[in-house]
Amino acid sequence: MRGLVVARSGARIEIWLPEQRRIALGIPRGKLQKHGERIYAGDWVDVRIISPNEVAIEGVEERANLLTQPPVANVDKMLLVMSWHEPDFSNLVLDGLLAQAEFLNLAATIVINKVDLALKRELPRLERWGKLYESLGYPVLKASIKTGDGLSQLREVMRGNLVVLAGPSGSGKSSILNALIPGAKLRTGEVSEKLGRGRHSTTEVRLLPNPNGGWVVDTPGFQRVDLPSWVNTDTLPKLYREFTNYQCEFNNCTHTVEPGCAVKEALKHGEIPKERYQTYLFWRDAIRRVERERKK
Ligand SMILES: Nc1nc2c(ncn2[C@@H]2O[C@H](COP(=O)(O)OP(=O)(O)OP(=O)(O)O)[C@@H](O)[C@H]2O)c(=O)[nH]1
Ligand SMILES: [Mg+2]
Ligand SMILES: [Zn+2]
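Just so it is clear, the structure is predicted and the values come from calculations on it, not from any experiment.

Visitor: Whenever I open this one, the site of ligand 1 confuses me. Can you help?
Guide: Surveying the vicinity of ligand 1 reveals 22 residues, the closest of which are Ile145, Ser169, Lys173, Ser175 and Gly221. Between a nitrogen atom of ligand 1 and a side-chain N or O atom of Asp116, the distance comes to 2.7 Å. Ser171 is positioned with one of its backbone polar atoms (N or O) 3.3 Å from an oxygen atom of ligand 1. Contact with the protein chains covers 91% of the free accessible surface of ligand 1, which is 660 Å². Of all the elements, helix H5 (residues 173–180) adds the most residues to the shell around ligand 1, at 3 residues. In terms of residue class, the shell around ligand 1 is made up of 4 nonpolar, 11 polar and 7 charged.

Here it is in structure tokens:
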């Protein structure tokens with residue numbers, strides 16, 4: 001029988017059995033452990049019933065992908081939740097998250113939350129950011145838990161998929177899920193209250209059933225993006241998807257000082273947004289600093 005790992009917390013594994021429409025505890029067979037096979041939330045497993053509420057896990061199906069922070073397998077879509085204020089929208093942080101989604105080859109939808117906090121004079125800027133990312137092919141939703149804006153579109157985006165919500169601490173990920181998933185009861189809180197506390201103590205990863213079909217995963221927010229710890233300078237240009245449409249004179253062009261750089265040419269003509277090129281340079285510098293540190 002097939003089962004879906006819906007929760008993983010230390011040694012405890014909960015498995016959804018679609019045929020029986022119930023959850024059982026999963027016990028990995030010895031041979032799995034011997035081969036060092038890891039089991040993650042989102043994994044499809046082959047199970048055999050061994051007691052009324054326990055199943056033995058005989059094998060793990062091949063994964064389509066594996067997100068590492070938090071560990072979730074077979075993700076269909078990332079929702080990158082950024083708030084307009086509290087904390088302020090940062091295209092630098094967003095581009096870091098988009099690079100991560102590209103690296104993992106995951107579809108990403110951008111959610112700009114807390115639009116109720118946008119001042120009237122800020123609306124054109126908000127609009128411009130939305131257009132910019134849509135022009136790169138990323139869907140953008142504007143949302144507010146306070147006014148209910150965008151919630152029905154969010155429902156559509158999530159329907160039938162395994163969706164992971166990621167974004168800075170306080171951007172409203174848990175609030176969005178509480179609004180969309182009856183009974184989710186995720187902890188939400190004031191931004192200021194949370195800053196600086198050791199909040200990553202819980203290691204449980206859980207898929208919440210979406211009443212419209214599919215599953216959702218809330219993730220703890222972060223205070224900063226640590227792109228430099230897992231991307232190297234050669235990979236970075238491939239993670240800015242609009243750059244990959246251009247063929248530079250050198251195959252390994254870094255789009256900085258090389259002659260015949262088609263990316264810089266496109267930048268000059270406004271085909272590539274300067275905002276994106278700026279964050280590219282920022283991340284490139286940050287990565288180079290880490291690489292230099294490592295060589296020492
Ligand atoms: N004004 C306004 N406040 C919101 C909105 N969405 C969430 N909030 C508030 O923002 C604060 C943080 O929301 P959370 O849902 O806890 O944010 P989170 O992204 O889950 O944060 P972490 O769990 O730390 O990553 C809470 O006080 C929410 O009430 C919104 O659309 N508008
Ligand atoms: Mg949260
Ligand atoms: Zn180039």
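Visitor: Would you explain the coordination of the zinc ion (ligand 3) in this entry?
Guide: For the zinc ion (ligand 3), the protein coordination sphere consists of Cys248 (SG), Cys253 (SG), His255 (ND1) and Cys261 (SG), at 2.1 to 2.4 Å. Around the zinc ion (ligand 3), the 4 donor atoms sit at angles spanning 104 to 115°, and that spread fits a shape best called tetrahedral. Donor residues for the zinc ion (ligand 3) sit on one chain with the sequence pattern C-x4-C-x1-H-x5-C. Judged by its relative accessible area of 6%, His255 falls in the buried class. The exposure class of Cys261 is buried, given its relative accessible area of 8%.

Visitor: Would you take a moment to explain unusual backbone geometry for this structure?
Guide: With the exception of glycine, the majority of residues adopt a negative phi angle, and the majority of peptide bonds are in the trans configuration. A cis amide bond links Gln69 with the next residue in sequence, Pro70, at an omega value of 0°. On the secondary structure map, Pro70 appears in the loop between strand E6 (66–68) and strand E7 (71–73). The omega angle of the peptide bond from Glu86 to Pro87 is -5°, so this bond is cis rather than trans. Residue placement: Pro87 occurs in the loop between strand E8 (77–83) and helix H2 (91–103). Located in the positive-phi region is Glu86, a residue other than glycine, with phi close to 55°. Among the secondary structure elements, Glu86 is positioned in the loop between E8 and H2. Of note in this structure, Asn105 is not a glycine but carries a positive phi near 60°. Assignment of secondary structure puts Asn105 in the loop between H2 and strand E9 (107–113).

Rules of the game
- Residues numbered from 1 in each chain as written.
- Chains lettered and ligands numbered in written order.
- Predicted model: local features only at pLDDT ≥ 70, side-chain atom pairs only at ≥ 80, totals over all residues.
- Heavy atoms only, no water.
- Near = heavy atom within 4 Å.
- Polar contact = N/O pair within 3.5 Å; in protein donor to acceptor, adjacent residues only side chain to side chain.
- Areas by Shrake-Rupley, 256 points an atom, 1.4 Å probe, with all protein chains shown as cover.
- Helix = DSSP H or I, 4+ residues; strand = E, 2+ residues; numbered from the N terminus.
- Nonpolar A, V, L, I, M, F, W, Y, C, P; charged D, E, K, R; others polar.
- Donors = N, O, S within 2.8 Å, 3.2 Å for Na, K, Ca; no water.
- Tetrahedral: all angles 85-135°; square planar, octahedral: opposite > 155°, others 65-115°.
- Buried < 20%, exposed > 50% of the residue type's maximum accessible area, 1.4 Å probe, protein only.

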